[in-house]
Amino acid sequence: MRTFDLTPLYRSAIGFDRLANLLEQRAEAQPSYPPYNIELVSEDEYRIVMALAGFSRDEVEIVTERDSLVVTGRKLKDTTQRTFLHRGIAARDFEQRFQLANHVKVTTASFDNGMLTIELVREVPEALKPRKIAIGDAQGNTGNVKTLEQREAA
């Protein structure tokens, strides 16, 4: 396992403690169950698709809190006695955490044929979008302040 010495970051950067803690947490082993994909749908839209074979919609919970998304699966106890010759479908409980960037929100979630799909979008408030500042002339006349046009999604 690799470890990173983040001491120089703490000495020279102020207010980046959260980033350093995030890097340290991600350096630890991450659970690989259940398998999932993260897709970039467009410039500000994302999709997480998780393979949840053996789970029903009622056994899965999605919770967003501040800057994190937590997907939890709690398998209901099966009272049927079974004898498996091979058990390849791992229907065990899980908790998968995703760290969300600023202004990323979950818009919808759907569960179909054992696949959980979570749609996310980044919604930057108007106050935080780049603004073009007009340069005034020598008499102090300035132009209007205009919001820059965002690149159109292809």
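This write-up is about the structure you can find in this document. (Residues numbered from 1 in each chain as written. Predicted model: local features only at pLDDT ≥ 70, side-chain atom pairs only at ≥ 80, totals over all residues. Heavy atoms only, no water.)

## So, the overall build of the protein chain
Link 1 in the chain: Of regular secondary structure, the protein chain possesses two helices and nine strands.
Link 2 in the chain: In sequence order, the secondary structure elements of the protein chain are arranged as α-α-β-β-β-β-β-β-β-β-β.
Link 3 in the chain: Across the 154 residues that make up the protein chain, the buried fraction comes to 21%.
Link 4 in the chain: Counted over contacts in the protein chain with a minimum sequence separation of 6, partners at least 24 positions apart contribute 45%. (Helix = DSSP H or I, 4+ residues; strand = E, 2+ residues; numbered from the N terminus. Buried < 20%, exposed > 50% of the residue type's maximum accessible area, 1.4 Å probe, protein only. Contact = heavy atoms within 4.5 Å.)

## So, the sheet that holds strand β4 (residues 68-73)
Link 1 in the chain: One open sheet holds the three strands; their spatial order is β3-β4-β5, and the pairing between them is antiparallel. Looking along the sheet, the strands with just one partner apiece sit at the ends: β3 (60-65) and β5 (94-99). Across the sheet, the axes of successive neighbouring strands diverge by a mean angle of 15°, strand direction being ignored.
Link 2 in the chain: Note that β4 and β5 share six bridges and pair antiparallel. If you follow Ser68 over to β5, its bridge partner there is Gln99. (Pairing = 2+ DSSP bridges. Axes fitted to C-alpha atoms, helices over the stretch in contact; angles between N-to-C directions.)

## Observations regarding the packing of aromatic side chains
Link 1 in the chain: The tally for this structure, following the rule as stated, stands at three aromatic pairs.
Link 2 in the chain: Where Tyr33 meets Phe94, the ring centres are 6.1 Å apart and the plane angle is 90°; that geometry is what we call edge-to-face. Placement of the pair is Tyr33 in the loop between α2 (17-27) and β1 (36-42) and Phe94 in strand β5, with a sequence separation of 61 residues.
Link 3 in the chain: Relative accessible area serves as the criterion here: at 15%, Tyr33 is assigned to the buried category.
Link 4 in the chain: Using a relative accessible area of 4% as the deciding quantity, one classes Phe94 as buried.
Link 5 in the chain: Between the aromatic rings of Phe55 and Phe94, the centroid separation amounts to 5.4 Å while the plane-to-plane angle is 85°, which identifies the pairing as edge-to-face. Highlighted residues: Phe55 in the loop between β2 (45-51) and β3 and Phe94 in strand β5, separated in sequence by 39 residues. (Phe/Tyr/Trp six-rings, centres within 6.5 Å; stacked < 30°, edge-to-face > 60°.)

## Quick notes on the pattern of salt bridges
Link 1 in the chain: Tallied over the full model, the rule gives five salt bridges.
Link 2 in the chain: Ionic pairing is found between Arg47 and Glu119, a salt bridge with its closest N-O pair at 2.7 Å. With Arg47 in strand β2 and Glu119 in strand β7 (residues 115-122), this pair connects stretches of sequence that are 72 residues apart.
Link 3 in the chain: Judged by its relative accessible area of 24%, Arg47 is partly exposed.
Link 4 in the chain: Residue Lys75 pairs with Glu59 through a salt bridge whose shortest N-O separation is 3.2 Å. On the criterion of sequence distance, the pair formed by Lys75 in the loop between β4 and β5 and Glu59 in the loop between β2 and β3 is long-range, its members being 16 residues apart.
Link 5 in the chain: Looking at Lys75, the relative accessible area reads 25%, which means it is partly exposed. (Salt bridge = Lys/Arg side-chain N within 4 Å of Asp/Glu carboxyl O.)

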